[in-house]
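Inside the fold
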Amino acid sequence: MIEKKEKYNVAVAGATGAVGRKMLEILEERKFSVNRLKLLASARSVGHSLEFMGEKISIEELRHDSFEGIDIALFSAGASVSRKFAPSAVKSNCVVIDNSSAYRMESDIPLVVPEVNPNAIGKDPGIVANTNCSTIQMVVALTTIHDKFKIKRVVVSTYQSVSG
């Protein structure tokens, strides 16, 4: 469970990728209460740094022991990386919010869109999966309609970049 704190120790796995950088930008923009920020990526990125809240933070190699003392880990490094390292984060009493497809279909892991079903997280989440970007937008819009009229079926086509 994410214990209510004044500030949180946060790790971003996949910090150097486009989504990881966007996560950092949003944490900063929303003035999320970060006590300590750990930027994690592959060994290729070690020695580089990224800026957060006006401070340069060194990138560390993502390893199984990277999550000691971390409260929340945001994962955006792909499904294989999430499957390999998220369990280690959970063993370190860290709540993982996974942005990959790794855990979306697991019956024991909540699939959450905060504006739609935040109560699905429960009191001891471990890993929380989130849907992909187009699904998030769709269910946020459709939830209100469904609550009133009970949608039975939705047919969707999305066109996304290969790099996405």
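Nothing here was measured: the structure is a model prediction, and the numbers come from that model. (Residues numbered from 1 in each chain as written. Predicted model: local features only at pLDDT ≥ 70, side-chain atom pairs only at ≥ 80, totals over all residues. Heavy atoms only, no water.)

A separate point is the overall build of the chain. Helix and strand counts for the chain come out as 3 helices and 8 strands. Counting from the amino terminus, helix and strand elements in the chain follow one another as β-α-β-β-β-β-α-β-β-β-α. Computed over its C-alpha atoms, the radius of gyration of the chain comes to 17 Å, within 12% of the 15 Å expected for a compact globule of 164 residues. Along the first, second and third principal axes, the C-alpha set of the chain runs to 55 × 35 × 30 Å. (Helix = DSSP H or I, 4+ residues; strand = E, 2+ residues; numbered from the N terminus. Rg over C-alpha atoms; globule rule 2.2 N^0.38 Å.)

Here we come to the nonpolar core. Formed by 18 residues in total, the largest nonpolar core has its most connected members in F67, A73, F75, V96 and Y103. Those elements that place two or more of their residues in this core are strand 1 (8–13), strand 5 (72–75), helix 2 (79–91) and strand 8 (127–130). The leading source of residues in this core is helix 2, at 3 residues. When near neighbours in sequence (up to four residues on either side) are disregarded, Y103 contacts S82, R83, A86, P87, D98, I109, I127 and A129. (Core = buried A, V, L, I, M, F, W, Y, C linked by side-chain atoms within 4.5 Å. Buried < 20%, exposed > 50% of the residue type's maximum accessible area, 1.4 Å probe, protein only. Contact = heavy atoms within 4.5 Å.)

A few words now on the side chain of S82. Looking at the secondary structure, you find S82 in helix 2. Classification of S82 by relative accessible area gives buried; the value is 0%. Once residues within four sequence positions are removed from consideration, S82 is found in contact with F75, P87, D98, S100, A102 and Y103.

The end-to-end C-alpha distance of helix 2, which contains 13 residues, comes to 19 Å, matching closely the 18 Å that a straight helix rising 1.5 Å per residue would cover. Along helix 2, the largest kink reaches about 35° and is centred on F85; proline P87 follows within four residues of it. Taken residue by residue, helix 2 has S82, F85, A86, S88 and A89 as its buried positions. Check the buried side of helix 2 and you find it contacts strand 5, strand 6 (95–98) and strand 8. Of the residues trailing helix 2, N93 is marked for its positive phi of about 65°. (Expected span 1.5 Å × (residues − 1). Bend = angle between axes of the 7 residues up to and from the residue.)

Attention now moves to the sheet that holds strand 6. Within a sheet, adjacent strands bond to each other through the backbone by hydrogen bonds, running parallel or antiparallel. With mixed pairing, 8 strands are arranged side by side in an open sheet as 3-4-2-1-5-6-8-7. Taken across any chain shown, the strands that pair with only one partner, and hence form the sheet edges, are strand 3 (49–52) and strand 7 (111–112). Where strand 1 meets strand 2 (residues 34–41), 6 bridges bridge the pair, whose relative direction is parallel. By the bridge assignment, V10 is partnered in strand 2 with L37. Taken strand by strand, helix 2 contacts strand 5, strand 6 and strand 8, and its axis lies near 175° from that of strand 5. (Pairing = 2+ DSSP bridges. Axes fitted to C-alpha atoms, helices over the stretch in contact; angles between N-to-C directions.)

Because side chains alternate across strand 3, one face comprises the buried residues L50 and F52, and the other comprises S49 and E51, none of which is buried. Counted between consecutive antiparallel strands, the loop separating strand 3 from strand 4 (residues 55–61) contains 2 residues, among which M53 sits at a positive phi close to 55°.

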